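Descriptive structure summary
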Amino acid sequence: VGSAAAWLLAGCGDGNTRDAYSTVGTLDFANPLRIPPLAPATRSSDGARVFELAAAEGSTQFLPDRPTPTWGYNGSYLGPTLRATRGEKVRIAVVNRLPEATSVHWHGMHLPAGMDGGPHQMVAPGGTWTPEWVVNQPAATLWYHPHPHGATEQQVNRGLAGLFLVEDPEAAPDGLPRDYGRDDFPVVVQDRNFAKDGSFHDGPRALTGLTGNSILVNGTWNPHLAVSTEAVRLRLLNASSARSYSFGFDDGRGFAVVASDGGLLAAPAAVDRVLLSPGERAEVVVRFAPGERVELRSFPHELGMTTALANGAGGNDTLSILQFRAAARLSPSPELPAALPGPGAPDLSAIAATRTFILNGRHINGRQLDHNRIDTVVGAGTTEIWNVSNTHNQPHNFHIHDVRFRILDIDGAPPPPELAGLKDTVFLPVRASARLAVPFGNYTDAAMPYMYHCHLLWHEDEGMMGQFTVVEPGQTGSAPPAAVQHQ
Ligand code: C2O
Ligand code: CU
């Protein structure tokens, strides 16, 4: 704690950092927001939608006058947006052209554990890994990113991340914008620091991990988005390592949250802020007037830490994220529907088990990740209650692979409407607790685990992670998993 605290007090200026900050008033929003392209796909003879994702080193121009060495998928920074329809089989050739091993995890996806892309599905340099599965879950904004144990923060921060959109035409409500790149936009938010030579600069490290004061949106620094429709759907993803964001608009206007991590809510939730910790998503719909300029910002928010620690973790920052420039004439957009096809009350009629997960230090229930130990065994198709408590003096969050859980309460109170839908990651500020109803899927594999962990990437790298297997109900015990390297 001593040296981390010294970093915090030193703030962001260590003499090597370039002044490219996104604190309010420092930007002119000169750069058009990059929109990640939709990944091209081919159709295989068995009907699968086939993608290729090649991870490689590159160089990206974020700043006006000097390039930044970066990593990306099918490009120099981030990756294309994968899109598939519910019921469709997908197959993805993951090619590793990096100088080190990586993996690609499909965050939020329900799929067999061997296809999950966690630390047990490493891809060696020069190797290819080709997972396939049938997409079977509600329409949602999912994402993909590396998951190599101990190197996730570094690989994500270099640029490896992208969106995976699940669509379901049978449950697509009228009135919800859905024209990608026209009225439906990805907003992938990351914080970085730039060194004087233009490279990413990895310091200072707060207790939460690496925080930066320069915001990139879809890999664009200092961005604006030209708006041509009255209503716009924004798919917000916090793809940062450590920073949480309380998103809102500079003029305080309200907006509607229509979806959380795992899909649409049961009804639009009217808010003026939405808080996302690393890994979380929210889909929001905001309306604009002709000709106006409005700024999306992140506002100070409660982390439960002392002021000095919260300063270091970015909790007290006001940041410019993205400026919207509405055209002088906007195409009309319908009003949002009053109801959406999200879930009703969670089914608690048959709870198979209740478990407690204590987050403290870099441990979950006093343990750190051991690849050869299964921490938790659950029954396929059962629902469990997971009580997750942060008893630590630092914020954490909790992500569970494969599932979409429901938050029953946070610190004993029902969740706000925007957190009452399908979730895979829950934020736990200092000393917060959440009670989750977790319905497990039907892909059983007693030897291959899924992961649960803190999604603050440095904490995850430090071992704040456990493993669970899904087995036939009644079956117990698991063989230790065999780590596989794909050549
Ligand atoms: Cu987004 Cu286990 O991760
Ligand atoms: Cu953590």
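Residues numbered from 1 in each chain as written. Chains lettered and ligands numbered in written order. Predicted model: local features only at pLDDT ≥ 70, side-chain atom pairs only at ≥ 80, totals over all residues.

The protein chain carries the name Multicopper oxidase CueO in an unreviewed UniProt entry, which gives Arthrobacter hankyongi as its organism. According to the UniProt record, the Catalytic activity (unreviewed entry) comment for the protein chain reads "4 Cu(+) + O2 + 4 H(+) = 4 Cu(2+) + 2 H2O". Of the comments in the UniProt record for the protein chain, the one headed Subunit (unreviewed entry) reads "Monomer." (UniProt positions renumbered as here; feature names shortened; annotations may be inferred.)

Attention shifts here to the overall build of the protein chain. Each helix and strand counted, the protein chain has four helices and 37 strands in total. Taken against the 2.2 N^0.38 rule, which gives 23 Å for 487 residues, the C-alpha radius of gyration of the protein chain at 21 Å falls within 12% of a compact globule. For the protein chain, the C-alpha atoms occupy an extent of roughly 60 × 55 × 50 Å along the three principal directions. When each of the 487 residues of the protein chain is scored for burial, the buried share is 52%. (Helix = DSSP H or I, 4+ residues; strand = E, 2+ residues; numbered from the N terminus. Rg over C-alpha atoms; globule rule 2.2 N^0.38 Å. Buried ≥ 20, exposed ≤ 12 C-beta atoms within 10 Å, placed from the backbone.)

Moving on, we get to the UniProt feature "domain: Plastocyanin-like" (unreviewed entry) in the protein chain. This chain's UniProt record puts "domain: Plastocyanin-like" (unreviewed entry) on residues 62-170, 210-288 and 359-471. Taken end to end, residues 210-288 comprises 0% helix and 66% strand; its first and last C-alpha atoms sit 34 Å apart. Segment residues 359-471 splits into 4% helix and 42% strand. End C-alpha atoms: 25 Å apart.

In this section: the sheet that holds strand β22 (residues 263-271). Reading across from one edge, β17-β16-β13-β19-β24-β21-β22 is the order of the seven strands in this open sheet, with mixed pairing throughout. On the outer flanks of this sheet lie β17 (220-221) and β22, each paired with one strand and no other. Where strand β13 (residues 184-192) and strand β19 (residues 231-238) come together, six bridges link them in parallel fashion. Residue pairing in the sheet places V189 in a bridge with N238 of β19. (Pairing = 2+ DSSP bridges.)

Before going further, it helps to spend a moment on the confidence of the model for the protein chain. Should pLDDT be low for a region, the predicted coordinates there are not to be read in detail. Looking at the protein chain as a whole, the pLDDT averages 94, with 95% of positions reaching at least 70. Contacts for the low-pLDDT stretch residues 1-13, under 50 throughout, to residues beyond four places or in other chains number 16 contacts. Reported confidences for the modelled complex are a pTM of 0.95 and an ipTM of 0.98. (pLDDT = per-residue confidence, 0-100. Contact = placed C-beta atoms within 7 Å.)

So, on to the sheet that holds strand β29 (residues 376-379). Spatially, β29-β36-β35-β31-β33 is the arrangement adopted by the five strands of the open sheet, whose pairing is mixed. Of all the strands in the sheet, just β29 and β33 (425-428) have a single pairing partner and so form its edges. Recorded for the sheet is a direction-independent mean angle of 25° between the axes of neighbouring strands. With four bridges connecting them, β29 and strand β36 (residues 465-471) associate as parallel partners. Residue pairing for β36: V378 is matched across the bridge by V470. (Axes fitted to C-alpha atoms, helices over the stretch in contact; angles between N-to-C directions.)

A few words on the pairing of β19. A regular strand carries its side chains on alternate faces of the sheet. Most of β19 sits inside the fold, with eight of its eight residues counted as buried. Neither face of β19 is exposed, since A231, R233, R235 and L237 on one face and V232, L234, L236 and N238 on the opposite face are all buried. Where β19 lies against strand β24 (residues 281-287), seven bridges are found, and the strand directions are antiparallel. Paired with L234 across the strands is V284, a residue of β24.

This part takes up the environment of Q61. Residue position: Q61 is located in the loop between β3 (49-60) and β4 (68-73). For Q61, a count of 15 C-beta atoms within 10 Å translates into the label partly exposed. Distance from Q61 to V403, taken between C-alpha atoms, is 37 Å for residues 342 residues apart in sequence.

On to the nonpolar core. With 130 residues, the main nonpolar core has F164, V188, V189, L236, V258, V284 and V388 as its most contacted residues. Other than its neighbours up to four places away in sequence, V258 contacts L176, L264, L265, P268, E283, V284, V285 and L340. (Core = buried A, V, L, I, M, F, W, Y, C linked by C-beta atoms within 7 Å.)

Its location among the elements puts T425 in strand β33. Overall, T425 belongs to the buried group, with 24 C-beta atoms counted inside 10 Å. Residues T425 and I400, 25 residues apart in the sequence, show an inter-C-alpha distance of 6.7 Å.

Take unusual backbone geometry next. Positive phi outside glycine occurs at N74, with the angle close to 55°. A residue is classified by how many C-beta atoms lie within 10 Å of it, and N74, with 19 of them, is partly exposed. Backbone geometry places N222, a non-glycine residue, at a positive phi of 60°. Among the structural elements, N222 can be located in the loop between β17 and β18 (223-229).

All right, on to the domain arrangement of the protein chain then. Segmentation of the protein chain into domains returns domain 1 (33-170), domain 2 (184-331) and domain 3 (351-469). If you average the C-alpha positions of domain 2 and of domain 3, the two centres end up 25 Å apart. Residue assignment for the side of domain 2 that touches domain 3 shows that the elements contributing at least two residues are β15 (209-210), β21 (255-260), β22 and β23 (274-276). Among the elements that take part in the side of domain 2 that touches domain 3, β22 stands out by supplying five residues, more than any other. (Domains from an automatic or database assignment.)

Another aspect to go through is the environment of P64. In this structure, P64 sits in the loop between β3 and β4. Separated by 34 residues in sequence, P64 and A30 place their C-alpha atoms 9.9 Å apart.

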